[in-house]
Amino acid sequence: MNAKNAQNIIQVAPGPLKKTLRLVKRNGEETPRCKASDITTQADVSCRTAVRYLHKLGYYGRAVRRKSLLRPANIKCRKDWAIEMVERPLTFWANIIFSDESRFALFSDSDGAS
């Protein structure tokens, strides 16, 4: 290969192209809840590559943490109810059926479950 042809060969640096990174970054900033599959259609890269680019830019997919629905007011109400139930006499509890959230029927019903 002579020197004239060597100048025409473009050296590609390893890693993502700056243009693609800018496109992925713009997508992530404009729509933070976008999926990697949405980026693949616009940037013409594979889904895994889009995820890798997003990670390189500092974007990571996270699942929303479930919060308990107990606020301080609800906690107080539950505690008051529990204290009230503890003070009930044994005759009250003799009439209570504890089901443990299982389905049961004293008489056969239309579902055939008993």
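Thresholds, definitions, all that
Residues numbered from 1 in each chain as written. Predicted model: local features only at pLDDT ≥ 70, side-chain atom pairs only at ≥ 80, totals over all residues. Heavy atoms only, no water. Patch = residues over 30% accessible without salt bridge, like charges linked within 9 Å, V, L, I, M, F, W, Y side chains within 5 Å. Areas by Shrake-Rupley, 256 points an atom, 1.4 Å probe, with all protein chains shown as cover. Salt bridge = Lys/Arg side-chain N within 4 Å of Asp/Glu carboxyl O. Lys, Arg positive; Asp, Glu negative; His and termini not counted. Charge placed at Lys NZ, Arg CZ, Asp CG, Glu CD. Buried < 20%, exposed > 50% of the residue type's maximum accessible area, 1.4 Å probe, protein only. Core = buried A, V, L, I, M, F, W, Y, C linked by side-chain atoms within 4.5 Å. Helix = DSSP H or I, 4+ residues; strand = E, 2+ residues; numbered from the N terminus. Arc of directions from axis to C-beta. Contact = heavy atoms within 4.5 Å. Axes fitted to C-alpha atoms, helices over the stretch in contact; angles between N-to-C directions. Parallel < 35°, antiparallel > 145°, perpendicular 65-115°, else oblique. Nonpolar A, V, L, I, M, F, W, Y, C, P; charged D, E, K, R; others polar. pLDDT = per-residue confidence, 0-100. 1 Å grid on protein atoms, 1.4 Å probe; cavity = no way out; pocket = protein on both sides within 12 Å on 5 of 7 lines; lining within 4 Å. Points joined across faces, edges and corners; volume = space filled by probe spheres on them.

Some details on a positive patch on the surface
(1) Moving on: Taken together, the side chains of Lys 18, Lys 19, Arg 22 and Arg 26 make up a positively charged region of the molecular surface.
(2) Moving on: For Arg 26, a relative accessible area of 44% gives the class partly exposed.

Quick look at the nonpolar core
Side chains that are nonpolar tend, in soluble globular proteins, to be buried together.
(1) Moving on: Counting nine residues, the largest nonpolar core is built from Leu 21, Val 24, Ala 36, Ile 39, Ala 43, Val 45, Ala 50, Tyr 53 and Leu 54.
(2) Moving on: Mapped by element, the contributors of at least two residues to this core are helix 2 (18–30), helix 3 (36–43) and helix 4 (47–56).

Notes on helix 3
(1) Moving on: For helix 3, the set of buried residues is Ala 36, Ile 39, Thr 40 and Ala 43. Projection of helix 3 onto a plane perpendicular to its axis shows the buried side chains occupying an angular sector of 105°, all on one side.
(2) Moving on: On its buried side, helix 3 packs onto helix 2 and helix 4.
(3) Moving on: One or two positions beyond helix 3, positive phi appears at Asp 44, with a value near 55°.

What about the environment of Lys 25?
(1) Moving on: Counting through the fold element by element, Lys 25 comes out in helix 2.
(2) Moving on: Considering only alpha carbons, one finds Lys 25 and Leu 57, 32 residues apart in sequence, at a separation of 7.0 Å.
(3) Moving on: The residues touching Lys 25, leaving out its near neighbours within four places in the chain, are Leu 57 and Tyr 59.

Remarks on the pattern of salt bridges
(1) Moving on: One pass over the structure, following the stated rule, counts two salt bridges.
(2) Moving on: Residue Lys 76 pairs with Asp 80 through a salt bridge whose shortest N-O separation is 3.0 Å. Of the two residues, Lys 76 and Asp 80 both sit in helix 5 (residues 72–86), four residues apart, roughly one turn of that helix.
(3) Moving on: Lys 76 sits in the exposed class, given a relative accessible area of 55%.
(4) Moving on: Judged by relative accessible area, which is 39%, Asp 80 ranks as partly exposed.

Comments concerning the packing of helix 3 against helix 4
(1) Moving on: Between helix 3 and helix 4, whose axes approach to 8 Å, the crossing angle comes to 105°. In terms of orientation, helix 3 lies roughly perpendicular with respect to helix 4. On helix 4, the residues touching Ala 36, Ser 37, Ile 39 and Thr 40 of helix 3 are Cys 47, Ala 50, Val 51 and Leu 54.
(2) Moving on: When its residues are assigned to classes, the contact of helix 3 with helix 4 shows six nonpolar, two polar and no charged.

With respect to the confidence of the model for the protein chain
(1) Moving on: Overall, the predicted model of the protein chain reaches an average pLDDT of 76, with 75% of residues at or above 70.
(2) Moving on: Confidence scores differ between elements of the protein chain, with helix 1 (residues 3–8) showing the lowest mean pLDDT of 51 and helix 5 the highest of 92.

So, the layout of surface pockets
(1) Moving on: Each pocket or cavity is described by its volume, and for the largest pocket that value is around 230 Å³.
(2) Moving on: Every residue along the wall of the largest pocket is listed here: Gly 28, Pro 32, Cys 34, Lys 35, Ala 36, Val 51, Leu 54, His 55, Tyr 59, Tyr 60, Gly 61 and Arg 62.
(3) Moving on: Of all the elements, helix 4 adds the most residues to the lining of the largest pocket, at three residues.
(4) Moving on: Considered class by class, the residues forming the lining of the largest pocket number seven nonpolar, three polar and two charged.

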